[in-house]
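Tertiary structure, described
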Amino acid sequence: MTTPRPAAGPLRDTLVVFAGSARFQLAFARTNPDFLLVLVRTPLTTLILLALSTHAGRPDLAAYAVLAPVLMTLWDMALLIASDVITKERSWGTLELLAATPARFAVVVLARVLTVTTVSLLSTVEAWLVARAVFGVTIGVAHPALFALTMTVSSLAMAGTATLMSALFVLAPHARFMTNTLSYPVYLLAGVFVPLSMLPAWVRPLSSVVFLSWSADLLRATLTAGPVAGAGRSLAVIAVLGLAGALAGSVAVTRVLRHARAAGTLSEV
């Protein structure tokens, strides 16, 4: 009988860093109310969007009104944590120590962002309950397995893209104030608020490079009966764009940290 071989050194070290960062983020989130505020906002945003669609006599937009707050919450949390890793570590005076460790900084950011976005999936339940309890609107999921898979892949893509954003946050002393600037343009380009067909024609091609547009379209398609056309292609695009963001983020963060150390700007708050 042979015993399982241990994981290779670099892979094992990466997994240890990932798991430790995830545990730290869970412990930190329990004591930091900022993370809870976004989940509180989800029901309120659902109320507003459903009220608007109902008042406008557009029941066909109910799926938009329920899914939009969920996607907004996930993206907001991803950006918040990506910036918070930089802002908090700077304010604590530990960013230099964290950057000096053998652990890859991008892995730390990815683990912490993914941990919070996973918890933020609870916003899906919040939005559905508000729609049912307040407006009597029941949003059925015709393809639950595909819906769950799309949410999972989208969460991974958000964590990867947020890792790329963290490189920008390293360069910006006031990183948290940039999150709103990076939020709403993505919502519009992704068609989270309104269908892409309602956007100006010259804007629509830009949506194809925003992974969230593929996520929003596929999630809405899973709510209706009948086969979902191009589901595999959409999932592949979301995964590729998220992976590209994660790889680019890993390279960018490494280079930006090296530049910040050389310039002596890591500790700027």
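In this text, all values refer to a predicted model and were calculated from it rather than measured experimentally.

What counts and what doesn't
Residues numbered from 1 in each chain as written. Predicted model: local features only at pLDDT ≥ 70, side-chain atom pairs only at ≥ 80, totals over all residues. Heavy atoms only, no water. Buried < 20%, exposed > 50% of the residue type's maximum accessible area, 1.4 Å probe, protein only. Helix = DSSP H or I, 4+ residues; strand = E, 2+ residues; numbered from the N terminus. Phe/Tyr/Trp six-rings, centres within 6.5 Å; stacked < 30°, edge-to-face > 60°. Lys NZ or Arg CZ within 6 Å of the ring centre and 35° of its normal. Axes fitted to C-alpha atoms, helices over the stretch in contact; angles between N-to-C directions. Parallel < 35°, antiparallel > 145°, perpendicular 65-115°, else oblique. Left-handed = near helix turned anticlockwise from the far one by under 90°. Contact = heavy atoms within 4.5 Å. Salt bridge = Lys/Arg side-chain N within 4 Å of Asp/Glu carboxyl O.

**Considering helix α10 (residues 211-221)**
Because an α-helix completes one turn every 3.6 residues, residues spaced three or four positions apart along the sequence face the same direction. Counted residue by residue, α10 has 9 buried out of 11 residues, so it is predominantly covered. Among the residues making up α10, those that are buried are F211, L212, S213, W214, S215, A216, L218, L219 and R220.

**Digging into the packing of aromatic side chains**
Per the counting criterion, the structure on display carries 4 aromatic pairs. Between F24 and F28, the aromatic rings sit 6.0 Å apart at their centres with planes inclined by 5°, giving stacked as the arrangement. You can see F24 and its partner F28 sitting in helix α1 (residues 9-29), 4 residues apart, about one turn around the helix. With relative accessibility at 36%, the residue F24 sits in the partly exposed group. Classification of F28 as buried rests on a relative accessible area of 12%. Here W75 and F211 contribute two aromatic rings whose centre-to-centre distance is 6.1 Å and whose plane-to-plane angle is 70°, an arrangement assigned as edge-to-face. Placement of the pair is W75 in helix α3 (residues 62-92) and F211 in helix α10, with a sequence separation of 136 residues. The residue whose ring lies beneath R220 is Y64, and the NZ or CZ to ring-centre distance is 3.8 Å.

**A few points about the packing of α3 against helix α6 (residues 122-135)**
Contact geometry for α3 and α6: axes closest at 9 Å, N-to-C directions at 155°. Of the possible angle classes, the one that applies to α3 and α6 is roughly antiparallel. Where α3 crosses over α6, the handedness of that crossing is right-handed. Taken together, the residues of α6 that come into contact with α3 (itself represented by V66, L67, V70 and T73) are S123, T124, A127, W128 and A131.

**Things to note about the side chain of S123**
One can find S123 in helix α6. With residues near it in sequence (within four places) discarded, S123 still touches L39, T42, V70 and T73.

**So, the pattern of salt bridges**
Applying the stated criterion to the full structure yields 3 salt bridges. A salt bridge links R58 to D60, with the shortest nitrogen-to-oxygen separation between them at 2.8 Å. The salt bridge involving D217 is made with R220; its shortest N-O contact spans 3.1 Å. You can see D217 and its partner R220 sitting in helix α10, 3 residues apart, about one turn around the helix. Among the residues examined, D217 registers a relative accessible area of 39% and is labelled partly exposed. Look at R220 and you get buried, because its relative accessible area is 11%.

Keep in mind these numbers describe shape, not what the thing actually does.
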